[in-house]
Amino acid sequence: MQQQQLDKALGWEPPANWLRVRTLDAHTGGEPLRIYLDGYGQIPGAAILEKQAYCRENLDHLRRATVWEPRGHADMYGCIVTEPTTGDGDLGVIFTHNEGYSSMCGHGIIAVTTALLETGALPAQSPETCLRIDSPAGRITAYARMEGQRVASVYFHNVPSYVVELDASVPVPGMGEVRYDLAFGGAYYAFVDAREIGLDTGPDNAAALIHAGRAIKQAVVDSRVIEHPEDSALGFLYGTIFIDSARSELAGSRNVCIFADGELDRSPTGTGVSARAAIHHARGELKPGDSMVVESIIGSRFRTAVHSELTYCGHPAVIPEVEGQAYITGRQEFLVNPDDPFAHGFFIR
């Protein structure tokens, strides 16, 4: 075909009754983020958790249509950008995934900061731009290291992160007694040493990692109540993180996170390395100013550090600092034909 014929398809306008959703896609350490530019409209709510609840109750068809197949996939991740809900905030974020909505997302903070600054949606200042972001878990302060118009990297100060219990154990069907640490870094995770259960953390073993991660998560959920000290909406186990030795000399260890409904994080997991900072601090292995580098299942890396110490609702806690790099990968316009039997997506794991 000639280009002028294909140009007709580029200029085609869908029927007026079709839903349009436009997004900017990016990735952080290989983990995708689909940033919604329009389609959601104004989302009511005085706080981000109220806005999140409104999306869950009234707009979930948009999440399913763009995160699930055929427009997404089982490991897709999304970010709805809203107006801030605090007086000094720059924006609000609501994170979506295959199962629903998360309380915080570190790779998402890095990617949305990068994308909004590089596209000019928010003004950038050199050598560093600060964004105050309202997330369901609380205030996140992100800092973009600028190199011209490019964001070289983003580091952020997370919400207070703390240990719930070290060296807990739970019986897991087919695996026996499994030792884990339970910690919060914007979300709750059960941390398991992969070597103790003989589990390889390479990408070729993804199916076994997903199976084990789901089984351990369910066993922990069945064995205990997880309560957030300030908001019951945050009191749930988000996933299982397998810790392993690093494959690269550039990192000190490895994280493989299985979260939501069997999603496998391609990045080291920003909230996961935040909770790990709290664990290492509780064990006396990480002091304020100390940092560590954690790699993912595909070898991408985050730097994490203990920015400061505090007491949070009676828990010894830390404010973690997490740094990584993100890249814009695409600009999409999704169309939803109301006559399509799979208009609002389907999910296969």
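Nothing here was measured: the structure is a model prediction, and the numbers come from that model.

Caption draft 1: Examining the overall build of the chain more closely. Secondary structure summary: the chain contains six helices and 18 strands in total. Against the globule reference of 20 Å for 349 residues, the chain gives a C-alpha radius of gyration of 20 Å, in line with a compact fold. With respect to the three principal axes, the spread of C-alpha positions in the chain is 65 × 50 × 40 Å. Across the 349 residues that make up the chain, the buried fraction comes to 54%.

Caption draft 2: Highlighting the nonpolar core. F95, I109 and F242 are the most contacted members of the largest nonpolar core, which has 82 residues in total. Top element by residues in this core is helix 4 (residues 106–118). It accounts for seven residues. Both domain 1 (16–126 + 328–335) and domain 2 (161–327) contribute no fewer than three residues apiece to this core. Non-local contacts of I109, meaning those with residues more than four positions away in its chain, are made with V93, F95, M104, I133, I140, A142 and F156. Counting residues in hydrophobic clusters, the runner-up holds 15 residues, among them Y36, C55, W68 and Y101.

Caption draft 3: Structural context of helix 4. With 13 residues, helix 4 should cover 18 Å at 1.5 Å per step; its first-to-last C-alpha distance of 18 Å lies within 8% of that length. In terms of burial, helix 4 is largely enclosed, as 12 of its 13 residues are buried. Three or more residues of helix 4 are buried, namely G106, H107, G108, I109, I110, A111, V112, T113, T114, A115, L116 and L117. A positive backbone phi angle near 85 degrees is found at G120, which sits one or two residues after helix 4.

Caption draft 4: Representation of the domain arrangement of the chain. Each assigned domain of the chain is listed here: domain 1 (16–126 + 328–335) and domain 2 (161–327). The interface is formed by 26 residues belonging to domain 1 together with 28 residues belonging to domain 2. For the interface between domain 1 and domain 2, the tally reads one salt bridge. One salt bridge in this structure joins R266 and D75, with 3.3 Å as the shortest N-O distance. The tally of links between domain 1 and domain 2 comes to nine residue pairs in polar contact (both at pLDDT 80 or more).

Caption draft 5: Main features of the state of the cysteines. One pass over the full model with this rule turns up zero disulfides. Free cysteine C105: the closest other cysteine sulfur is in C79, separated by 8.0 Å. Under the relative-accessibility criterion, C105 is labelled buried at 4%.

Caption draft 6: The arrangement of the pairing of strand 2 (residues 31–38) in detail. Of all eight residues in strand 2, six are buried, a share of seventy percent or more. Where strand 1 (residues 19–28) lies against strand 2, seven bridges are found, and the strand directions are antiparallel. If you follow L24 over to strand 2, its bridge partner there is I35. Hairpin connection of strand 1 to strand 2: two residues between the antiparallel strands, including G29 at a positive phi of 60 degrees. Sheet topology places strand 2 next to strand 3 (residues 78–82); three bridges connect them, and they run parallel. Within strand 3, the residue paired with R34 across the bridge is G78.

Caption draft 7: Representation of the packing of aromatic side chains within the structure. Per the stated rule, a full pass over the model turns up 15 aromatic pairs. Arranged with centres 4.6 Å apart and planes meeting at 50 degrees, the rings of F184 and Y188 form a pair that is tilted. Residue classification places Y188 among the buried residues on the basis of a relative accessible area of 1%. Relative to F259, the ring of Y238 has its centre 5.3 Å away and its plane inclined at 45 degrees; by these criteria the two rings are tilted. Within this pair, whereas Y238 is found in strand 12 (residues 237–244), its partner F259 is found in strand 13 (residues 253–259), the two being separated by 21 residues in sequence. Among the aromatic side chains, those forming a connected cluster through ring pairs are Y77, F95, Y189, F191, F236, Y238 and F259.

Caption draft 8: Quick look at the side chain of S103. For S103, the position within the fold is in the loop between strand 5 (101–102) and helix 4. For S103, a relative accessible area of 3% puts it in the buried group. Within polar-contact distance, the side chain of S103 engages the backbone oxygen of G186 at 2.5 Å. Contacts of S103, omitting those with residues within four sequence positions, involve S135, P136, A137, G186, A187, L234 and F236.

Caption draft 9: Region of the structure containing helix 2 (residues 48–58). Taken residue by residue, helix 2 has I48, L49, K51, Q52 and C55 as its buried positions. Down the axis of helix 2, the sector holding all buried residues measures 160 degrees, keeping them to one side. In this structure, the buried side of helix 2 is in contact with helix 3 (60–67), strand 3, strand 4 (91–96), strand 5 and strand 6 (128–135).

Definitions and limits used
- Residues numbered from 1 in each chain as written.
- Predicted model: local features only at pLDDT ≥ 70, side-chain atom pairs only at ≥ 80, totals over all residues.
- Heavy atoms only, no water.
- Helix = DSSP H or I, 4+ residues; strand = E, 2+ residues; numbered from the N terminus.
- Rg over C-alpha atoms; globule rule 2.2 N^0.38 Å.
- Buried < 20%, exposed > 50% of the residue type's maximum accessible area, 1.4 Å probe, protein only.
- Core = buried A, V, L, I, M, F, W, Y, C linked by side-chain atoms within 4.5 Å.
- Domains from an automatic or database assignment.
- Contact = heavy atoms within 4.5 Å.
- Expected span 1.5 Å × (residues − 1).
- Salt bridge = Lys/Arg side-chain N within 4 Å of Asp/Glu carboxyl O.
- Polar contact = N/O pair within 3.5 Å; in protein donor to acceptor, adjacent residues only side chain to side chain.
- Disulfide = S-S within 2.5 Å.
- Pairing = 2+ DSSP bridges.
- Phe/Tyr/Trp six-rings, centres within 6.5 Å; stacked < 30°, edge-to-face > 60°.
- Arc of directions from axis to C-beta.

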